[in-house]
Amino acid sequence: AAVPFRPEGRRGRVYSAVVAGRRLLDGTMARSGRLRSGVKQKLNRWKKGHSSESNPQSRRFRDAARSRFYSRAAGPSDLTVDVLKLHNELQSNSFSIGPREEPAGGSVLETEGDALTEKTGGTYLSGLSDCSNLTFSRVQRYWESGSAAHKEICAVFAAVTEVIRSQGGKETETEYFAALMTTLEAVETEESVAAVVFLLSLAMKRVPAAVLRKEFSATAKVLMQLLAAQAGAGSVLALRRTVCCLSTLLRRQDVDVWTFPSTLQIYHGLLSITVHVKPKVRKEAQRGVCSILRGSDFMFGDSAPLIHPAAQSTAKFCINKIEEHGGSTEGATMLHLLGLLKEVLPCFSVRSVKSCCETLLRVMTLGNVMVTACSMQAFHGLFAAKPGPSTLTAELNAQIITALYDYLPSINDLQPMLAWLTVMEKAHCNLSRLQGSLCLAHLPRIFSTAIGCLLSPHTQLLSMAAATMKVLLQECVAPFTTEIGDFASSSPSGPASHVCKMFRAVEEALAYRFYASWASVLDVLTTFFEVIGSQASPAMMQCLQTLCDLRATPHFPYVLELERAVGMAVEKMGAETVLRAIPLQIDGTEENLDFPRSWLIPVIRDHVKHTQLAFFNKYFLPLAAKLKSRAVELAESGQSLEAKIYETLQWQIWTTLPGFCTRPTDTVVAFKNIARTLGTAISDRPDLRPTVCQALRALISKGCENGADLAEVSRFAKNFLPLLFNVYCTQPESGESPAQRLPVLDTIKMYLTLAEQKLVCGFLDKAKEKLEKSESSAFTRLSVMDLLVAMAPLVDETSMDQMYQMILPFLQSKDHSIQKKAYRILEVICGGTQDTCRQFVHKHLDGLKVTLLGSLKSASSPAKRPRLMCLIHIVKQLSVEHQEFIVALLPEVIICMKEVSIGARKNGYTLLVEIGQAFLRFHNDGQEAITQYLALVYAGLTGSVTMISCTVLALTRLVFEFKDKMDVATIEHLLKNVCLLLQSKTRDVVKSALSLIKVVLFVMDTSGLAPQLPLLVESIGSMRDDTRRYFRTKLKNIFTKLIRKFGFEMIDSMCAEEYHKVLVNIRKAEARNKRLRNMKRNTSEPESEDETPKPARGSIEDVLLETDSDDEGTEEERKDVKKRQVQKRPAWLKEGGDDEPLNFLDPQVAQRVLATNPELRKRSDIKHDFTVATDGRLVIAERPRAKADKASEDEAGDILEEVGVKSKAGQKQRFKSADGDEMQVDSGYQGGGSGIHRPRPLKKNKDHGAEYRAMKGRGDVKRTGKPDPFAYVPLNKSQLNRRNKAKVSGQFKGLVKNRVTSHKLHRKKRTK
């Protein structure tokens, strides 16, 4: 049938296109496999038992379909020239008006021999699928949808696109805007209107603002008419998109347009939709109003007004509507308006904000829980937006804070109280931003209120109150510490008085009635000390004394929190101030050795810094000396226990020294007074030596912040360095660990950086003299060489030359330790970053080459690591003329792949890579350079068995490192040579070859590896039987990678029959691992797509969520909630105590109205599945990882281990010695005490009755003082029943019979 046309013109063409497109779309959807509604149930189903038949006997339709593709039809066809001509005209010219024109090519069918060619026209979906405008990319996803609305959108869009193309348009947003506006006046059905408005909303967002400004009147008229028509009972989609178009149109207008009454009238029409009954429409309207007030184009210009011109009318609309519906029983409209105010309140002027806030405060007196909650949300939105003075002044902010105290909920009402605290926190932070002094004046009251919340039974409220006080301290007090000034006394005036009141309120919470919330109180006190402790110390003395008294209370439960608070006070106030408030009460003359305040020493040790070093010299040093002398006296008198206690105390006092040396404030004045004492402790006190060395290192690295401090510390280098040298060169006594010498060496290295170069050269001369003395012991020589290693990079060039000449004989030494130290000296010289080191290497490069090549044969295994490190530093500086030297090094580098030392192997691999980098520097073509390098390495394959294995390992690392510089032919050639090595009789060679194959599988892609796959599989299959069994794990790993790359069928067809079981096992394991991964992924995903992430704590919506499940409700009620039907929530009235009548004239009567049931039982504690030990500890067993996860995590680690990048970590504790080697040490720790330090009992095998077992022979024997070794049967009263008597007696008869039978058999065996 012909398509009916509307009146002529673009409007008629578009309408006709929409109708035709809709019909064609229905046919397209049906042909693409989608069925109409109700048809699916009428289809024929498979007969029972025949659902697996995939090749039915009836093939009529298959044959007919096959005949239409790539072949001529068997019978007469209905496809004629006239039918094709009609089809093409319908597709291409159906939207045109006027006489038809013949195609330029004449006939639509052309016959060329036996072939038929067809010139087809564009289909219906052409305008949709090939649209070049990205604005409508969202629509292109709708053509496969089964929704009728989406079909209509696609039909309209395709029609409009074809019309624009027929008119010669470029498919711009402006052209779509014009075409859609014209179409909007022509369409009549509700579905078509919704589709056109949807497309119009997408186009208007990208239309130039000048076009929308010019067509404002006409566009607004059409949209307002449509809005009026759809506002009643129209389509929700059409109404939403109309609102969106209207808001976009208003947002693009100039500020002058808003002075016209017509513009405000249009805007009021949009405002009226903000209280619509449909949630989606209402939210779209509210979003549009917010975008207009906040995001209009003129609000971002240079001359932008502070407040939008429509803000005042918006405020009046909200106030009038709220007052209109304030007293009605239907509170839905009021809640909608409060939701709008939450978003737009920060956009109003000061006058409008004041009026709106007064209205909010009035409606909060209604007692409606939902209205109060939404009003608090509006206040929260105002303060969280951080508006400027043009919207919210400091005075108005303070007035709102004062007014909100009249609406303070009860501390038993959890959710309203949480919301109130959140709003007040934001209000005070915003007031601090506007005027800090005014905010400080309001803080004491909020702190008093928050402290009152600590008496609540709700733990959530306790945490919220403490968090609020901490945020207020950090946001409102910390930025104004300089304005507050110092506290001259404990009762200051001015801004300091407000801080003092806040602190007193928190200090009062240390009373016993706040016992349950002491952890939160101590946390707030910690923040107080951190923020204002350095200035308010006079006002905090009494609090420190109170904390000390609490710490002395028996079984005090919050020891860690209290010590953290005192530690923060030590950090901010200084140890001197804290000890003035809390004296140690230790002087060495105590009769009672309880020392109740000795806990202060570890606290000071862990927290003291940035304080006066002179205080340690004045207070702690004399005290430590007294305690030491007291310990000596007690030891001489035979009181060893008391002496040990005093010895421990004086050692703990010395451990505070590193903290005092961390950024001290008086280094210039105090260090010279303590330097002599420190030197004496280094030389005479081995127990204090590590602590003093740590203090010196802290002073050098963290204490010399200016030139004066640096000069003062470096001035004593001539005193400390000789002492440290002597201590390090002194052989430790028997029983002393060698690890205790390392802190001394670290201190020497750090102090040498401060010493003058002339002084270091003098020390170097003395060290050489001591080294050349014949009477020096081996230990002294090694120690002196360690000192030379530390001094080598810091001397001048002359001394460096002398040192080089001195160590040359040591490079040939037969003493492995001396040779290793000599190479260490050469290593630090060659790798030094100082200018003298670089000049030395450049000057002596030829000599270094000769020296290193000449000492190759005499180099011992322990010296390999520093020797290779020297070569690494030298190779980095070589140029192309030194290529012969690099070639000469290759054999040594390759043979180091099998070195015993882990460090030597790592350095060998590193040097191998550095040589490759050198070849890349020598040649412009990277592939050619790597090819030449590999040719040199290939020579190692002709050597001994060890050399072949090392060469293959070297090739493995080179393939991994330079895979980007190798072409496929190079890797294929390498793989062919390595496959030949798989038939070797030596397992070491085969192991290296398998490692290389494993890395090649990791590096190469499937296309490059496929040609070599038959050779690779054949080589693996032809391995020797014993070698294949020995490396079965590696082979299984390789087969796994091959199956992942090429599939099971291909690998199974290439392998021999004996590998079939292995391959099947691999396939099963891979399938199992895949299932486990999928299960883990499914369990980690959220159960529903509608789940949204939980908002942060600062969100008022999160605070207002109901946590107490008062009434679970029925299924119908839950459905009502989903439909967003506003339900009136109940409120509870808390009666007075002691039968007192409730006084409704009380100013605090509002706190008696609760939003949660006060009689609701408190939620039980959270249950867990962990086992609890007898002492209360949780026994948490580590869950074993899945094999699939472990395999995927370890795969990359295996590859790195194969190429030498990663080594297996040791199981024991290690530390580095003076020459950089790792050494195993015993920590010497033994369990003792309680908690994690308790002695662990040995695991006993639970073999019941083992104590009765005979030492010789079999059976049990009687033991003295223990019950007889018989099987005791538990008593059971049910056995007294007569009916069970026969059953019980038979049970025991069988037990005895079995025992007798086994005994007879045993006797027969023994007689034989």
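Residues numbered from 1 in each chain as written. Predicted model: local features only at pLDDT ≥ 70, side-chain atom pairs only at ≥ 80, totals over all residues. Heavy atoms only, no water.

Q: I keep staring at the overall build of the chain and nothing clicks. Help me out?
A: Scanning the chain from terminus to terminus reveals 58 helices and 8 strands. Each of the 1312 residues in the chain was classed as buried or not, and the buried ones make up 43%. When contacts within the chain are restricted to residue pairs at least 6 apart in sequence, those whose partners lie at least 24 apart make up 69%. Carbon and sulfur atoms make up 52% of the accessible area of the chain, which totals about 73300 Å². (Helix = DSSP H or I, 4+ residues; strand = E, 2+ residues; numbered from the N terminus. Buried < 20%, exposed > 50% of the residue type's maximum accessible area, 1.4 Å probe, protein only. Contact = heavy atoms within 4.5 Å. Areas by Shrake-Rupley, 256 points an atom, 1.4 Å probe, with all protein chains shown as cover.)

Q: What is the right way to look at the pattern of salt bridges in this model?
A: Once the charged atoms of two side chains with opposite charge are near each other, the side chains can pair. Applying the stated criterion to the full structure yields 28 salt bridges. Across the salt bridge formed by Lys-821 and Asp-786, the nearest N and O atoms sit 2.8 Å from each other. Of this pair, Lys-821 sits in helix α39 (residues 816-830) while Asp-786 sits in helix α37 (residues 778-791), placing them 35 residues apart in sequence. A single burial state applies to Lys-821 and to Asp-786, both of which are buried. Overlapping salt bridges bring together Arg-213, Arg-252, Asp-254 and Asp-297 as one network. (Salt bridge = Lys/Arg side-chain N within 4 Å of Asp/Glu carboxyl O.)

Q: So what exactly am I meant to see when it comes to helix α16 (residues 369-384) here?
A: The terminal C-alpha atoms of α16, which comprises 16 residues, lie 22 Å apart, in line with the 22 Å expected from a rise of 1.5 Å per residue. Within α16, 13 of the 16 residues are buried, which leaves it mostly tucked inside the rest of the structure. Put simply, Asn-368 is the residue that caps the front of α16, since its side-chain oxygen is 3.0 Å from the backbone nitrogen of Met-370. One or two residues past the end of α16 sits Lys-386, with phi positive at roughly 50 degrees. (Expected span 1.5 Å × (residues − 1). Polar contact = N/O pair within 3.5 Å; in protein donor to acceptor, adjacent residues only side chain to side chain.)

Q: Explain the nonpolar core to me, please; I cannot follow it from the model alone.
A: Nonpolar side chains in soluble globular proteins tend to be buried together. Core analysis: the largest hydrophobic core is formed by 345 residues, its most contacted members being Phe-528 and Phe-529. Those residues in contact with Phe-529, other than ones at most four positions away along the chain, are Phe-503, Ser-534, Met-540, Cys-543, Leu-544, Leu-547, Ala-565, Met-568, Ala-569, Lys-572 and Met-573. (Core = buried A, V, L, I, M, F, W, Y, C linked by side-chain atoms within 4.5 Å.)

Q: Can you help me understand the packing of aromatic side chains in this one?
A: To describe a pair of aromatic rings, one takes the distance between the centres and the angle between the planes. Under the defined criterion, the tally for this structure stands at 32 aromatic pairs. Relative to Trp-420, the ring of Tyr-405 lies with its centre 5.5 Å away and its plane at 65 degrees, an arrangement referred to as edge-to-face. With Tyr-405 in the loop between α17 (394-404) and α18 (414-434) and Trp-420 in helix α18, the pair connects residues that are 15 residues apart, well separated along the chain. Overall, Tyr-405 belongs to the buried group, its relative accessible area being 9%. For Trp-420, a relative accessible area of 0% translates into the label buried. Their ring planes at 85 degrees and their centres at 4.9 Å tell us that Tyr-1030 and Phe-1031 sit as a pair that is edge-to-face. Aromatic ring contacts, followed pair by pair, group Phe-615, Phe-616, Tyr-619, Phe-620, Trp-654 and Phe-660 into a single cluster. It is Arg-445 that lies over the ring of Tyr-405; its NZ or CZ is 3.8 Å from the centre. Looking at Arg-1067, its charged tip hangs above the ring of Phe-1048, at a distance of 4.1 Å from the centre. (Phe/Tyr/Trp six-rings, centres within 6.5 Å; stacked < 30°, edge-to-face > 60°. Lys NZ or Arg CZ within 6 Å of the ring centre and 35° of its normal.)

Q: Sorry, what's going on with the environment of Ile-451 here?
A: Position of Ile-451 relative to the elements: it lies in helix α19 (residues 436-453). What makes Ile-451 buried here is its relative accessible area of 7%. For Ile-451 and Val-506, which are 55 residues apart along the polypeptide, the C-alpha to C-alpha distance reads 6.7 Å. Discounting residues that sit within four places of it in the chain, Ile-451 has contacts with Met-469, Ala-505, Val-506, Ala-509 and Phe-514.

Q: How do you make sense of the environment of Asp-786 when you look at a structure like this?
A: Overall, the relative accessible area of 7% leaves Asp-786 in the buried class. Residues Asp-786 and Leu-745, spaced 41 residues apart in sequence, show a C-alpha to C-alpha distance of 8.3 Å. Here Lys-821 takes part through its side chain, which lies 2.8 Å from a polar atom of the side chain of Asp-786.

Q: Would you mind going over the environment of Leu-382 with me for this structure?
A: Relative to the helices and strands, Leu-382 is located in helix α16. Along the sequence, Leu-382 and Val-353 sit 29 residues apart, while their C-alpha atoms lie 9.1 Å from each other. Residues in contact with Leu-382, not counting those within four places in the same chain, are Leu-345, Pro-346, Val-353, Cys-357, Pro-387, Leu-392 and Ile-400.

Q: Please explain the packing of helix α44 (residues 902-922) against helix α45 (residues 926-938) as it appears in this structure.
A: For any two helices packed against each other, one specifies the inter-axial angle together with the distance between the axes. One way to put it is that α44 packs onto α45 with a least axis distance of 8 Å and a crossing angle of 135 degrees. Judged by the angle between their axes, α44 and α45 are oblique. As α44 runs across α45, the sense of the crossing is right-handed. In this structure, α44 contributes Leu-912, Ile-915, Gly-916, Phe-919 and Leu-920 to the contact, and α45 contributes Gly-926, Ala-929, Ile-930, Tyr-933 and Leu-936. Class assignment for the residues of the contact of α44 with α45 results in 8 nonpolar, 2 polar and no charged. (Axes fitted to C-alpha atoms, helices over the stretch in contact; angles between N-to-C directions. Parallel < 35°, antiparallel > 145°, perpendicular 65-115°, else oblique. Left-handed = near helix turned anticlockwise from the far one by under 90°. Nonpolar A, V, L, I, M, F, W, Y, C, P; charged D, E, K, R; others polar.)

Q: Help me understand helix α24 (residues 537-551), please; the structure alone is not making it clear to me.
A: Residues three or four positions apart in an α-helix share a direction because the helix packs 3.6 residues into each turn. For α24, with 15 residues, the first-to-last C-alpha span of 20 Å sits near the 21 Å given by 1.5 Å per residue. Of all the positions in α24, only Ser-537, Ala-539, Met-540, Met-541, Cys-543, Leu-544, Leu-547, Cys-548 and Leu-550 are classed as buried. At its buried positions, α24 is contacted by α22 (495-508), α23 (518-532), α25 (559-573) and α26 (575-581).

Q: Would you take a moment to explain unusual backbone geometry for this structure?
A: Despite not being glycine, His-555 shows a phi value in the positive range, around 60 degrees. With respect to the element layout, His-555 can be found in the loop between α24 and α25. Its identity is not glycine, yet His-610 carries a phi of approximately 55 degrees, on the positive side. Considering the arrangement of structural elements, one finds His-610 in the loop between α27 (600-607) and α28 (613-636). Residue His-610 is classed as partly exposed on the basis of its relative accessible area, which comes to 42%.

Q: Before we go on, may I ask you to explain the confidence of the model for the chain in this structure?
A: Atomic detail in the predicted coordinates should be set aside for any region of low pLDDT. Of the residues in the chain, 74% have a pLDDT of 70 or more, and the chain-wide mean is 80. Taken together, the stretch residues 39-43 has pLDDT below 50 and engages in 2 contacts with residues farther than four places along the chain or on a different chain. Across residues 1103-1128, confidence stays below pLDDT 50; counting only partners more than four residues off in sequence or on other chains, it has 37 contacts. (pLDDT = per-residue confidence, 0-100.)

Q: Is there a simple way to think about the state of the cysteines in this case?
A: Two cysteines, two sulfur atoms, one covalent bond between them: this is a disulfide. A complete count under the given rule lists 0 disulfides for this structure. With no disulfide of its own, Cys-244 lies 5.8 Å from the sulfur of Cys-245, the closest cysteine sulfur. In this structure Cys-837 is not part of a disulfide, and its nearest cysteine sulfur, from Cys-830, lies 8.8 Å away. Accessibility expressed as a relative area gives 0% for Cys-837, which makes it buried. (Disulfide = S-S within 2.5 Å.)

Q: In this structure, what is going on with the packing of helix α31 (residues 667-684) against helix α33 (residues 707-714)? I would like to understand it.
A: α33 packs onto α31 with a crossing angle of 10 degrees between their chain directions and a minimal axis gap of 9 Å. Judged by the inter-axis angle, α31 sits roughly parallel to α33. You can see that α31 and α33 cross each other, and the crossing is right-handed. When α31 is examined against α33, the residues Thr-667, Val-668, Phe-671 and Lys-672 are found in contact with a partner set consisting of Ala-708, Asp-709, Glu-712 and Val-713. For the contact of α31 with α33, a count of residues per class yields 4 nonpolar, 1 polar and 3 charged.

Q: In this structure, what is going on with the side chain of Asp-666? I would like to understand it.
A: Inspection of the secondary structure assignment puts Asp-666 in the loop between α30 (657-660) and α31. Despite its burial, Asp-666 remains without a salt bridge, the nearest opposite charge being carried by Lys-618 at 9.0 Å. Within the local environment of Asp-666, its side chain forms a polar contact with the backbone nitrogen of Leu-613, the two atoms lying 2.8 Å apart. Excluding anything up to four places from it in sequence, Asp-666 contacts Thr-611, Gln-612, Leu-613, Ala-614 and Phe-671. (Lys, Arg positive; Asp, Glu negative; His and termini not counted.)

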